[in-house]
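So the chains spell out like this:
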Amino acid sequence: MEKRSIAIDGPSGAGKSTLARMTAKKYGLIYVDTGALYRSVGLYMLHHDVASKDEARIVKLLPKISIEMRYDEESLQHMFLNGADVTDKIRIPEASIYASDVSALKPVRAFLLSMQKEMAVKYDVIMDGRDIGTVVLPNAGLKIFLTAQPEIRARRRYKELLEKRIDTTYEDVLRDILYRDKNDSERSAAPLKAADDAILVDTTDIGLDECLQIICALAEERLGL
Ligand code: C5P
């Protein structure tokens, strides 16, 4: 039977991962966090003292990288970079910037594309990222573009980082979000943009529960979940 898929795209901090995780749990889907793949490549470059925009060196090092996604008994995604568990390390702010920079490079995107597509061939998935509805899963049964004003996204992300005990300030988080919004939308390779058939959900003024209800109603209508 053909696998079912939901694509959620949007800028950083719009609530994609929280909502995707909740939706996955409700319907028994596998949640694939594709940002974690770019973060893992970024972290590798950071650890090897490669400048985040040094395309020649980054491309040369790509064959040395092995990235694996593994799921625990609670269906949480763990990232393995050359065999080491980097699930927590990829969340540090430097890894966000590195992820955004390396993700602008076409060879990096090509390197990670088949892994993402394969997940949707094997499993019923809800996948979040920047180009899922446009590039990775153009035939997804439901595409959502989740957004919110940058200040709101920064506030939410700041709270999340504090909960994970990552040392940062609201100002730094906002700066990071604005940097990545610009980088991710202006790049030529698979830029952040809504697919023509995506449904736009602005979470600026609505809470998590209401958002989840919107997504679930759409998932039930479109995918018969
Ligand atoms: O989603 P997250 O914030 O973890 O993603 C980190 C970075 O990876 C983003 O800023 C974006 O540049 C990049 N990314 C991407 N395409 C995706 C997912 C993430 O370019 N599908």
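First, a word on scope: everything that follows refers to the structure included in this document. Bear in mind the structure is a predicted one, so any value in this text is a computation, not a measurement. (Residues numbered from 1 in each chain as written. Predicted model: local features only at pLDDT ≥ 70, side-chain atom pairs only at ≥ 80, totals over all residues. Heavy atoms only, no water.)

## Observations regarding helix α4 (residues 93-102)
Residues lying three or four places apart along an α-helix face the same way, a consequence of the helix completing one turn every 3.6 residues. Of all the ten residues making up α4, seven are buried; the element is thus mostly covered by neighbouring parts of the structure. Every buried residue of α4 is listed here: A95, S96, Y98, A99, S100, D101 and V102. Along its buried surface, α4 packs onto α2 (35-47), α3 (55-61), α5 (106-122) and α8 (170-186). (Buried < 20%, exposed > 50% of the residue type's maximum accessible area, 1.4 Å probe, protein only. Helix = DSSP H or I, 4+ residues; strand = E, 2+ residues; numbered from the N terminus. Contact = heavy atoms within 4.5 Å.)

## Side note on the nonpolar core
Across soluble globular proteins, nonpolar side chains show a tendency to be buried alongside one another. Grouped together as the largest cluster of nonpolar side chains are 37 residues, with contacts concentrated most on V41, M45, I67, V108 and M127. Once residues lying within four places of it in the same chain are set aside, the contact partners of M45 are V50, I58, L61, I65, Y98 and V102. Formed by 22 residues, the second largest nonpolar core is a distinct cluster that contains L19, L29, I206 and A219. (Core = buried A, V, L, I, M, F, W, Y, C linked by side-chain atoms within 4.5 Å.)

## Considering the sheet that holds strand β8 (residues 199-202)
Reading across the sheet, the five strands line up as β2-β6-β1-β7-β8 and stay open at both edges, with parallel pairing between neighbours. Each edge of the open sheet carries a strand with a single partner, namely β2 (30-33) and β8. Between one strand axis and the next, the sheet turns through 20° on average, direction left out of account. Pairing of strand β7 (residues 142-147) with β8, which is carried by four bridges, proceeds in the parallel orientation. Paired with F145 across the two strands is L200, which belongs to β8. Those strands touched by helix α9 (residues 208-223) are β1 (5-9), β7 and β8, and its axis lies near 165° from that of β7. (Pairing = 2+ DSSP bridges. Axes fitted to C-alpha atoms, helices over the stretch in contact; angles between N-to-C directions.)

## Some details on the packing of aromatic side chains
Within the structure shown, the criterion is met by one aromatic pair. Summarising the aromatic geometry, the rings of Y158 and Y170 are spaced 6.5 Å apart at their centres and angled 80° between planes, so their arrangement reads as edge-to-face. Taken together, the positions of Y158 in helix α7 (residues 150-163) and Y170 in helix α8 put the pair twelve residues apart, joining distant regions of the chain. In this arrangement the basic side chain of R70 is found over the ring face of F80, its NZ or CZ atom lying 3.7 Å from the centre. (Phe/Tyr/Trp six-rings, centres within 6.5 Å; stacked < 30°, edge-to-face > 60°. Lys NZ or Arg CZ within 6 Å of the ring centre and 35° of its normal.)

## What about the sheet that holds strand β5 (residues 84-85)?
The strand order across the open sheet built from three strands is β3-β4-β5, with neighbouring strands paired in antiparallel fashion. Both outer strands of the open sheet, β3 (67-71) and β5, are each paired with one neighbouring strand and no more. Pairing between strand β4 (residues 77-81) and β5: two bridges, direction antiparallel. Residue pairing across strands places F80 opposite D85, the latter belonging to β5.

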